[in-house]
Amino acid sequence: MKKIVANFKMNATVEETKRYFINFLAKVDSAKAELTFCLPYTSLATGNYFLKGTGIKLGAQNLADEDEGKCTGEISGRMLVDAGAEAVIIGHSERRAKFKESNKTINKKIKVALKNRLDIILCVGESLTEKNTLKTLETLKAQIEEGLKGLYENELENITIAYEPIWAIGNGKNATVKEIEYAVKAIRKVLTDDFSEKAGKETKVLYGGSVNIKNIQSILKAKGIDGVLIGGACLDANGFVNLINLA
Ligand code: PGA
């Protein structure tokens, strides 16, 4: 079964989340894919209320790199679990760019998430400049190696890698199947070299970046891809149900 992660980003109030799930849950066939909704912090309680017992996972989009203390404005892994989250996105390119999250910070966040037994969706991906200067592989290698530094191989079972080329996010210009396969092969090679053959083969790798109803089927056929991470196309409940039906 393919894995589909919905990233709401900074969208939906509590009331809008409520209306979304009433509509979505009435129509979705949740057996079509392994689904996770990564919601804004303020919608987690509502997400938990609706998703509990449905087999659909609840996730957040970020967490603090410490578990408690002097960290004004942050939310810890412990708090996420308490709010019902089972998963968390770490290292999304919007956070790397806007909030200057380094691979070192991301590594700390991954360790905190593991400690709290959260499933992790680690986002990696090159910028347009890196792509144009043929630095894609170098970028991916550094993001994975530094992001997963100090982890034990068995901890990879809780980690999914999302290949999200920055140039393909939120603009309708998805990467081609060939480009996806090239990057996924490289990601799996880093995992094989740094951990084991098993890690390279069995770690789940998703693609994210302008996935929609028209391209999802060909993207899911890309070699080495286990699913997709969806931003814009998950915000309309009816549209998202249609998209899931194609998985
Ligand atoms: P998009 O976003 O599907 O709107 O391109 C994907 C993401 O940033 O996770």
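Residues numbered from 1 in each chain as written. Predicted model: local features only at pLDDT ≥ 70, side-chain atom pairs only at ≥ 80, totals over all residues. Heavy atoms only, no water.

(A) Seen up close, the overall build of the chain. Helix and strand counts for the chain stand at 11 helices and 8 strands. At 17 Å, the chain has a C-alpha radius of gyration in line with the 18 Å of a compact globule built from 247 residues. Per-residue burial over the chain gives 50% buried out of 247 residues. Within the chain, residue pairs in contact and separated by at least 24 positions form 70% of the contacts whose partners lie at least 6 positions apart. Split by element, the accessible area of the chain, about 12300 Å² in all, is 52% carbon and sulfur. Separation of charge centres in the chain, based on 36 positive and 31 negative side chains, amounts to 3 Å. (Helix = DSSP H or I, 4+ residues; strand = E, 2+ residues; numbered from the N terminus. Rg over C-alpha atoms; globule rule 2.2 N^0.38 Å. Buried < 20%, exposed > 50% of the residue type's maximum accessible area, 1.4 Å probe, protein only. Contact = heavy atoms within 4.5 Å. Areas by Shrake-Rupley, 256 points an atom, 1.4 Å probe, with all protein chains shown as cover. Lys, Arg positive; Asp, Glu negative; His and termini not counted. Charge placed at Lys NZ, Arg CZ, Asp CG, Glu CD.)

(B) Representation of the side chain of Thr36 within the structure. Residue position: Thr36 is located in strand β2 (residues 34-38). Residue classification places Thr36 among the buried positions, given a relative accessible area of 4%. In contact with Thr36, other than residues within four places in its own chain, are Ile4, Val5, Ala6, Lys57, Leu58, Gly59 and Ala87.

(C) Representation of the site of the ligand. Taken together, Asn7, Lys9, His92, Glu164, Ile169, Gly170, Gly209, Ser210, Leu229, Ile230, Gly231 and Gly232 make up all the residues around the ligand. Here an oxygen atom of the ligand and a backbone polar atom of Gly170 are 2.6 Å apart. With respect to the ligand, the backbone of Gly231 contributes an N or O atom lying 2.9 Å from an oxygen atom. Protein contacts shield 96% of the accessible area of the ligand, which totals 280 Å² for the unbound molecule. Considering only residue class, the shell around the ligand consists of 3 nonpolar, 7 polar and 2 charged. (Near = heavy atom within 4 Å. Polar contact = N/O pair within 3.5 Å; in protein donor to acceptor, adjacent residues only side chain to side chain. Nonpolar A, V, L, I, M, F, W, Y, C, P; charged D, E, K, R; others polar.)

(D) Helix α5 (residues 103-115), seen in detail. End to end, α5 covers 18 Å across 13 residues, agreeing with the expected 18 Å (1.5 Å per residue, within 8%). Looking only at α5, the buried set comprises Asn103, Ile106, Asn107, Lys109, Ile110, Val112, Ala113 and Leu114. Structurally, α5 contributes buried residues whose contacts are with α3 (77-82), β4 (87-90), α4 (93-98), β5 (119-124), α7 (136-147) and β6 (159-163). (Expected span 1.5 Å × (residues − 1).)

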